[in-house]
Amino acid sequence: MNSTVKQSKALVGSSSKADRISQMKGYWSRHWMLYVMLLPPVAFFFVFNYMPMVNILIAFSPNNVVLPVLETGWVGFANFETAFSNHIFMGAIRNTIMFSVLDLVVGFPAPIILALLLNELKFERFKKITQTITYMPHFLSWVIMGGMAVSLFSTNSGAVNNLIVGMGGEAIPFIETPVYWTITNVLMSMWRSVGWNTIIYLAAITNISPEYYEAAEMDGASRLRKMWHITLPGIRPVIVTLLVLTMGGILNADLSRFIAMDNAFVRTVSEVIPTFVYRWGLQSMQFSLAGAIGIFQSVIGMTLLLFSNWLVKKLGGNGFW
């Protein structure tokens, strides 16, 4: 009897194994083209994102990009010490954090507010025209934005200052003094990105069921109440996700943004980490220093990303993962 049981178990095991093999063959015969299509992007990321990561070793070696790192030797954290002993780099860190915080306080809520306002517009044609006008500045490069800043806010020939002087006021140095330059830079950045960032929030709003709004109207809720109790909670997961990603990039800054609007009068606030790397690391050919700063940015960014995601989950949100 034991032999019969063993034979039946063996038959069941072999049949189940054959079934799994046939299922795998059927799966690959149906979906092999999807995996073939996946090969080019995987190869792209491997070649251009993962293979260059070997070069981060230059941050711990002498400044030599010709010889391999193992032949030039190791200098430990000397390049990091050089960076942090440079007072200009410390100022660049301060400025980068300052602009990231200002962009977060001023620029992050702006597309949310604009999306809420656009969602309340009843005339679809006016709504589409307004949305198109607001996201068109996104397609302007920062080189053009820098030229617009000079044409609009220059003390001597700027259109805004000409208007102020024509009305009997005094010209305001929008781009010649650090305080006014900082305000101008942040507001122009918000103007350039607010419409484009609104798109994702409007897409999230469309996923909210209209039944909630109908029930709120039957209860006599005003538009403000519906925005506060229905629309905002409906798009909260999107807001949290973008907020976590923004916190992870708090030490990142757009190089073209600060290069295009930079001038010698505001260098104390316009020098951020990317411009420091560009001037001191690349133009001065201190590649090891640039590598060390890049590692520092990546470590801090990952730490802030993990911390912000943990904090959101601690406060009752879903977090990013």
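Residues numbered from 1 in each chain as written. Predicted model: local features only at pLDDT ≥ 70, side-chain atom pairs only at ≥ 80, totals over all residues. Heavy atoms only, no water.

Asker: Just checking my understanding: could you explain the packing of aromatic side chains for this structure?
Answerer: All chains considered together, the criterion is met by 22 aromatic pairs. Judged by centre distance (5.5 Å) and plane angle (40 degrees), the rings of Phe-60 and Phe-80 are tilted. On the criterion of sequence distance, the pair formed by Phe-60 in the loop between α1 (2-50) and α2 (69-72) and Phe-80 in helix α3 (residues 78-84) is long-range, its members being 20 residues apart. Residue Phe-80 is classed as buried on the basis of its relative accessible area, which comes to 13%. Between Phe-77 and Phe-80 the ring centres are 5.6 Å apart and the planes differ by 55 degrees, which places this aromatic pair in the tilted class. Linked through ring pairs, Phe-84, Phe-89, Phe-276, Trp-280 and Phe-296 together constitute an aromatic cluster. (Phe/Tyr/Trp six-rings, centres within 6.5 Å; stacked < 30°, edge-to-face > 60°. Helix = DSSP H or I, 4+ residues; strand = E, 2+ residues; numbered from the N terminus. Buried < 20%, exposed > 50% of the residue type's maximum accessible area, 1.4 Å probe, protein only.)

Asker: Is there a simple way to explain the environment of Ile-295 in this structure?
Answerer: For Ile-295, the location among the structural elements is in helix α15 (residues 287-314). Beyond its immediate stretch of four places on either side in the chain, Ile-295 contacts Ile-56, Ala-59, Phe-60 and Phe-80. (Contact = heavy atoms within 4.5 Å.)

Asker: Help me out: how do you make sense of the pattern of salt bridges in this one?
Answerer: Oppositely charged side chains can form a pair if their charged atoms are brought close together. Scanning the model with the defined rule gives 6 salt bridges in all. Measuring nitrogen to oxygen at the nearest pair gives 3.1 Å for the salt bridge that ties Asp-262 to Arg-267. Using a relative accessible area of 18% as the deciding quantity, one classes Asp-262 as buried. Judged by its relative accessible area of 35%, Arg-267 falls in the partly exposed class. (Salt bridge = Lys/Arg side-chain N within 4 Å of Asp/Glu carboxyl O.)

Asker: Please explain the side chain of Ser-308 as it appears in this structure.
Answerer: Assignment of secondary structure puts Ser-308 in helix α15. A residue is classified by how much of its surface remains accessible, and Ser-308, at 8% relative accessible area, is buried. Those residues in contact with Ser-308 that sit more than four places away from it in its chain are Val-244 and Met-247.

Asker: Which parts of the structure should I look at to understand the domain arrangement of the protein chain?
Answerer: In terms of domain boundaries, the protein chain breaks down into domain 1 (2-60) and domain 2 (80-314). In this assembly, 4 residues from domain 1 lie in contact with 6 residues from domain 2. For the pair domain 1 and domain 2, the summed buried surface comes to about 380 Å²; carbon and sulfur atoms form 79% of the total. The interface formed by domain 1 and domain 2 contains 0 salt bridges. (Domains from an automatic or database assignment. Buried area = accessible area lost by both parts, 1.4 Å probe.)

Asker: What is the right way to read the nonpolar core from this model?
Answerer: General note: in soluble globular proteins, nonpolar side chains tend to be found buried as a group. Core analysis: the biggest nonpolar cluster contains 19 residues, and Ile-112, Tyr-201, Ile-205, Ile-235 and Ile-239 have the highest contact counts within it. Mapped by element, the contributors of at least two residues to this core are α5 (109-119), α9 (178-206), α10 (210-218) and α11 (223-248). Ignoring anything within four residues of it in the chain, the contact list for Ile-205 reads Ala-115, Leu-116, Asn-119, Tyr-213, Thr-231 and Ile-235. Grouped together as the second largest cluster of nonpolar side chains are 15 residues, Met-145, Met-188, Phe-258 and Val-269 included. (Core = buried A, V, L, I, M, F, W, Y, C linked by side-chain atoms within 4.5 Å.)

Asker: What's the story with the confidence of the model for the protein chain in this structure? I'm lost.
Answerer: Where the model shows low pLDDT, its predicted coordinates should not be examined in detail. The share of residues in the protein chain with pLDDT of 70 or more is 90%, and the mean pLDDT across the chain is 85. Of all secondary-structure elements in the protein chain, the lowest mean pLDDT belongs to α2, at 61, while helix α4 (residues 87-107) reaches the highest, 93. (pLDDT = per-residue confidence, 0-100.)

Asker: What's the story with the layout of surface pockets in this structure? I'm lost.
Answerer: In this approach a probe as big as a water molecule rolls over the atoms, and the regions it shows empty are the leftover space. In this model, the largest pocket occupies a volume close to 800 Å³. As for the largest pocket, its lining consists of 30 residues, and the residues nearest its centre are Asp-103, Ser-189, Ser-193, Asn-197 and Thr-246. Looking at the lining of the largest pocket, the elements with two or more residues in it are α4, α9, α11 and α12 (255-260). The dominant element in the lining of the largest pocket, judged by the number of residues it contributes, is α9, at 9 residues. For the lining of the largest pocket, the residue count by class is 16 nonpolar, 10 polar and 4 charged. (1 Å grid on protein atoms, 1.4 Å probe; cavity = no way out; pocket = protein on both sides within 12 Å on 5 of 7 lines; lining within 4 Å. Points joined across faces, edges and corners; volume = space filled by probe spheres on them. Nonpolar A, V, L, I, M, F, W, Y, C, P; charged D, E, K, R; others polar.)

Asker: Please explain the packing of α10 against α11 as it appears in this structure.
Answerer: Packed helices, taken two at a time, are described by the angle between their axes plus the distance between the axes. Look at α10 against α11: their axes get within 11 Å of each other, and the N-to-C directions meet at 150 degrees. Here α10 lies roughly antiparallel to α11, going by the angle between them. Handedness of the crossing formed by α10 with α11: right-handed. Taking contact as the criterion, the partners of Tyr-212, Tyr-213, Ala-216 and Glu-217 in α10 are, on α11, Lys-226, Ile-230 and Thr-231. Looking at the contact of α10 with α11 residue by residue, the classes come out as 4 nonpolar, 1 polar and 2 charged. (Axes fitted to C-alpha atoms, helices over the stretch in contact; angles between N-to-C directions. Parallel < 35°, antiparallel > 145°, perpendicular 65-115°, else oblique. Left-handed = near helix turned anticlockwise from the far one by under 90°.)

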